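# Secondary and tertiary structure notes
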Amino acid sequence: MMQQQAQGNQLSIILQNTLCPMDNIRIPAEAEVTKLLDENFAQTLIELSKILSTETEKNEIRQMSSTIIKNMIGNVKYKEKWFQLGEEIKEAIKNNILSTLASEVQAVRKAASIAISGICKIEIPRKQWLNIFDILSNTCQNNNLYIQLSSLTALEYIYEEIQKEDIPTQTVANLLNTYYSLLTRDNPDPQLSECTLKSIEKFLPFISDFIDDKDSKIKFDNLIEKYVMNSNEKIRQAA
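Quick summary incoming for the structure in this document. (Residues numbered from 1 in each chain as written. Predicted model: local features only at pLDDT ≥ 70, side-chain atom pairs only at ≥ 80, totals over all residues. Heavy atoms only, no water.)

Our next topic: the packing of aromatic side chains. Under the counting rule described, the total for this entry stands at six aromatic pairs. Ring centres 5.4 Å apart and planes at 45 degrees place the aromatic pair Y159 and F206 in the tilted group. Of this pair, Y159 sits in helix α9 (residues 145–161) while F206 sits in the loop between α11 (190–203) and α12 (214–228); the two residues are 47 residues apart in sequence, bridging distant segments of the chain. Look at Y159 and you get buried, because its relative accessible area is 4%. When the centroid spacing of 6.3 Å and the interplanar angle of 90 degrees are considered together, the rings of Y180 and F220 count as edge-to-face. Placement of Y180 in helix α10 (residues 169–183) and of F220 in helix α12 is noted, with a sequence separation of 40 residues between them. Classification of Y180 by relative accessible area gives buried; the value is 14%. Taking the relative accessible area as the measure of exposure, F220 reaches 7% and is therefore buried. Among the aromatic residues, those joined into a ring-pair cluster are Y159, Y179, F203 and F206. In this structure, R126 packs its charged tip against the face of F83, placed 3.8 Å from the ring centre. Here the guanidinium or amino end of K219 rests over the ring plane of Y180, the centre of that ring lying 4.8 Å away. (Phe/Tyr/Trp six-rings, centres within 6.5 Å; stacked < 30°, edge-to-face > 60°. Helix = DSSP H or I, 4+ residues; strand = E, 2+ residues; numbered from the N terminus. Buried < 20%, exposed > 50% of the residue type's maximum accessible area, 1.4 Å probe, protein only. Lys NZ or Arg CZ within 6 Å of the ring centre and 35° of its normal.)

Here is the structure:
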């Protein structure tokens, strides 16, 4: 336990150095991160995900941790290494990242959403981690506003990374129902309305088959049009 904690502390220092504007400090730190990934890919990713989920860690270090997770998993050099990891290890990494969606810091919540989308980019086309849509559908209806917002943002980022055929039809239907539920709430939080609309915008390519029917299209259009008339400028723009 103490050894793992020491490794985490050392990694935090290295990540801090990767943010340094001085080349003689930043470049060796970046090389050290690559070395750690090459030597122990699994443990390094676990430690990065722990740093991301630690509220007492510096925000910029948590954001850097997320960036490295996304970039390394998507890197052709490490992509297959990810798929070779045991399910328990991948689950631990994912759970650490998902827990960060509850962070009080908006930039960190965004960082967690980015890391999630990075994993989805390589897993979902292989029909893996498809339950992430059920997870996020549930959490975007959580009582905690931060979790709601970050879950919607995560969905938004995921849509940008995948293709229409990557999501099963029933999953698309479930997601659409979730958005209907959010948009038909009485007196929703303005941030939630804006975030929901932004997420739906990225979701549009996936639902063309569902709103092809005239009645369905009218129902959907009317729902969005209501927000075009909203008194909040940001909500109007999103709508």
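Turning our eyes to something else, we now look at α12. Over its 15 residues, α12 runs 21 Å from end to end, which matches the ideal 21 Å to within 8%, given 1.5 Å per residue. On the buried face of α12, the contacting elements are α10, α11 and α13 (233–238). (Expected span 1.5 Å × (residues − 1). Contact = heavy atoms within 4.5 Å.)

Our next topic: the pattern of salt bridges. As enumerated under the stated definition, the model contains 15 salt bridges in all. R62 serves as the salt-bridge partner of E55, at 2.7 Å between the closest nitrogen and oxygen. One salt bridge in this structure joins D221 and K217, with 3.0 Å as the shortest N-O distance. Here D221 pairs with K217, and both are found in helix α12, just four residues apart, close to one helical turn. A residue is classified by how much of its surface remains accessible, and D221, at 34% relative accessible area, is partly exposed. Classification of K217 as partly exposed rests on a relative accessible area of 42%. One salt-bridge network, held together by shared partners, links E87, K90, K94 and E123. (Salt bridge = Lys/Arg side-chain N within 4 Å of Asp/Glu carboxyl O.)

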